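Take a look at the letters that make up each chain.
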Amino acid sequence: IVTGKLMHRVTNLRTGKSLSITANGPVRVIFHDNGTFTLISHGSILWTFFSQDAGGPGLFLFTGRVVIEENADGFATSVSHIPKFTDICHILA
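Summary of the structure given here. From a predicted model like this one, the values you see are computed outputs, not experimental measurements. (Residues numbered from 1 in each chain as written. Predicted model: local features only at pLDDT ≥ 70, side-chain atom pairs only at ≥ 80, totals over all residues. Heavy atoms only, no water.)

1. Overview of the overall build of the protein
1) Next: A tally of helices and strands in the protein yields one helix and six strands.
2) Next: Taken over the C-alpha trace, the protein has a radius of gyration of 13 Å; the compact-globule value for 93 residues is 12 Å, and the two agree within 12%.
3) Next: With the C-alpha coordinates of the protein rotated into their principal frame, the extents come out at 45 × 30 × 20 Å.
4) Next: Partitioning the contacts of the protein with sequence separation of at least 6, the portion at a separation of at least 24 is 34%.
5) Next: If you sum the accessible surface of the protein, you get close to 5,800 Å²; carbon and sulfur atoms cover 57% of it.
6) Next: Across the protein, the centroid of the 7 positively charged side chains sits 18 Å from that of the 6 negatively charged ones. (Helix = DSSP H or I, 4+ residues; strand = E, 2+ residues; numbered from the N terminus. Rg over C-alpha atoms; globule rule 2.2 N^0.38 Å. Contact = heavy atoms within 4.5 Å. Areas by Shrake-Rupley, 256 points an atom, 1.4 Å probe, with all protein chains shown as cover. Lys, Arg positive; Asp, Glu negative; His and termini not counted. Charge placed at Lys NZ, Arg CZ, Asp CG, Glu CD.)

2. Here's the deal with the nonpolar core
1) Next: If you look at the biggest cluster of nonpolar residues, it comprises eleven residues: Val27, Phe37, Leu39, Ile45, Trp47, Phe49, Phe60, Phe62, Val66, Ile68 and Ala76.
2) Next: Elements with a minimum of two residues in this core: strand S4 (37-49) and strand S5 (58-70).
3) Next: A per-element tally of this core places S4 first, with five residues.
4) Next: Beyond its immediate stretch of four places on either side in the chain, Val66 contacts Leu39, Ile40, Ser41, Ile45, Val79, Ser80 and His81.
5) Next: Ranked by size, the runner-up nonpolar core spans eight residues in total, among them Ala23, Leu59, Leu61 and Ile88. (Core = buried A, V, L, I, M, F, W, Y, C linked by side-chain atoms within 4.5 Å. Buried < 20%, exposed > 50% of the residue type's maximum accessible area, 1.4 Å probe, protein only.)

3. Digging into unusual backbone geometry
1) Next: Following Gly25, the chain continues into Pro26 via a peptide bond in cis, with omega recorded as 5 degrees.
2) Next: Within the fold, Pro26 resides in strand S3 (residues 25-31).
3) Next: Cis geometry is found at the peptide bond from Gly56 to Pro57, where omega equals -5 degrees.
4) Next: As for its placement among the helices and strands, Pro57 is situated in the loop between S4 and S5.

4. Let's talk about the sheet that holds S4
1) Next: Read from one edge to the other, the open sheet built from four strands follows the order S3-S4-S5-S6, with strand pairing classed as antiparallel. Edge positions in the sheet fall to S3 and strand S6 (76-87), since each has one partner strand and no second. Sheet twist, expressed as the mean angle between neighbouring strand axes with direction ignored, is 55 degrees.
2) Next: Direction of pairing for S3 relative to S4: antiparallel, over a ladder of six bridges. (Pairing = 2+ DSSP bridges. Axes fitted to C-alpha atoms, helices over the stretch in contact; angles between N-to-C directions.)

5. Observations regarding the pairing of S4
Side-chain direction in a regular strand flips from residue to residue, so the side chains alternate between the two faces of the sheet.
1) Next: Taken across its 13 residues, S4 has eleven buried, putting it largely inside the fold.
2) Next: Between S3 and S4, which pair antiparallel and follow one another directly, the connecting turn spans five residues, one of which, Gly35, has a positive phi of 95 degrees.
3) Next: Examined bridge by bridge, S4 and S5 share eleven bridges and lie antiparallel to one another. Residue pairing in the sheet places Ser41 in a bridge with Val66 of S5.

Structure follows, in structure tokens:
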């Protein structure tokens, strides 16, 4: 379980728009024997998705319960989020 205060500063290098984000979790990470892992957050978490990720690409702030399943290569295979997420790329566009 990961807890604590975490501040992010994200910037769109094309537009120069910037945003400060507090994402304090808590986050529980469960590592599986096959190299995959499950991430469970009940607070707020900032997560980057690449084109290989389910739901990607993008940068999202999840608030509330989110479960992210990652494969052994480190890419998201599923994302379930309740109740809220914010598309940070859209805000900084």
